[in-house]
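Coordinate inspection notes
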Amino acid sequence: IIIIKRIIFKIILILKNGEKFMKLRQMDKFIAHCDHYFGQKNTNIFHMVNENALHIDVLLYEPNENYPFWKLVTMGASDYTMPKKQTTFGFNNEYVMFVHKSVDLKDENVVDWYLDKLSSIGSFAYDNQVHITYGNSFDVKIRDEEEMVCCFIELPQIIRNSGFLRCKVGFFKTIICLQAVLLNKDEFEKLTEIGAENFSYWLYPENKENEHFIVERVRSEKF
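Here goes a summary of the coordinates provided. The shown structure was predicted, so the numbers you read here are calculated from the model rather than taken from an experiment.

1. Focus on helix 5 (residues 196–203)
By the burial criterion, the buried members of helix 5 are Phe199, Ser200 and Leu203. Buried residues of helix 5, viewed axially, fall in a sector of 105°; they line one side. In helix 5, the exposed positions that point more than 90 degrees away from the buried face belong to Glu197 and Tyr201. In this structure, the buried residues of helix 5 make contact with strand 6 (148–154), strand 8 (173–184) and helix 4 (185–194).

2. Observations concerning the side chain of Gln26
Mapped onto the fold, Gln26 is located in helix 2 (residues 19–38). Assessed through its relative accessible area of 17%, Gln26 is described here as buried. Discounting chain neighbours no more than four positions away, the residues touching Gln26 are Val169 and Lys173.

3. A short note on unusual backbone geometry
Across the chain, the bulk of peptide bonds are trans and the bulk of non-glycine residues have phi less than zero. For Gln129, which is not glycine, the phi dihedral falls at a positive 50°. Tracing the backbone through its elements, the reader meets Gln129 in the loop between helix 3 (108–128) and strand 5 (137–139).

4. Considering the nonpolar core
Counting 34 residues, the largest nonpolar core has Leu72, Leu105, Tyr114 and Ile121 as its most contacted members. Mapped onto this core, the elements with two or more residues apiece are strand 2 (57–61), strand 3 (69–75), strand 4 (93–100), helix 3, strand 6 and strand 8. Looking at this core element by element, the count peaks at seven residues for helix 3. Excluding its chain neighbours within four sequence positions, the residues that come into contact with Tyr114 are Leu72, Met97, Val99, Val103, Leu105, Val215, Glu216 and Arg217. Core analysis: the second largest hydrophobic core is formed by 32 residues, Tyr37, Met75, Ile158 and Val181 among them.

Calculation criteria
- Residues numbered from 1 in each chain as written.
- Predicted model: local features only at pLDDT ≥ 70, side-chain atom pairs only at ≥ 80, totals over all residues.
- Heavy atoms only, no water.
- Buried < 20%, exposed > 50% of the residue type's maximum accessible area, 1.4 Å probe, protein only.
- Helix = DSSP H or I, 4+ residues; strand = E, 2+ residues; numbered from the N terminus.
- Arc of directions from axis to C-beta.
- Contact = heavy atoms within 4.5 Å.
- Core = buried A, V, L, I, M, F, W, Y, C linked by side-chain atoms within 4.5 Å.

None of this, on its own, says anything about what the molecule does.
Pasting the structure below:
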């Protein structure tokens, strides 16, 4: 009984005084998780300016030998625990976006567009108080001239080890890492026509040479 009381007391202290410390520990664990599965160490963190209460940063990983494309990952979207849903992978999501290696994401004018898109995707569930999971899609078009109109939420199948999907950062919190794919009007119509499951097969067919997983501002043959 004494041991149980001590444990409860320590938990109360953590909840009252250790929120910031626990958040930093969770961030360190999440960065280490991404480092491990991408096979490289993160050196780029963008601290985004968010208008709402949910603060989302973005991790940027350069193309490497294992995965020769850019990897951008939200960090902070999982602070929002989504409403309960019967069929889901979890309740605390982060989102990853893959960009072709030829795009110069070291250029501030170029990377800003991708950061803004990914940040808005990361905050969508919080902003709308909804549950987002694999197979969901939602509008991401901000300006009329933008080609990409929709975000489709996919499993990050291009990452060969499926362990990337889940990152346990605490006793009661497991982050789910989902992929964001931006679609233009024609692709969104295809999604509507064939449904989420078949569209997922189209993005990641058995023939690996025909995979569609990169995010583009303007659609090209690289997709």
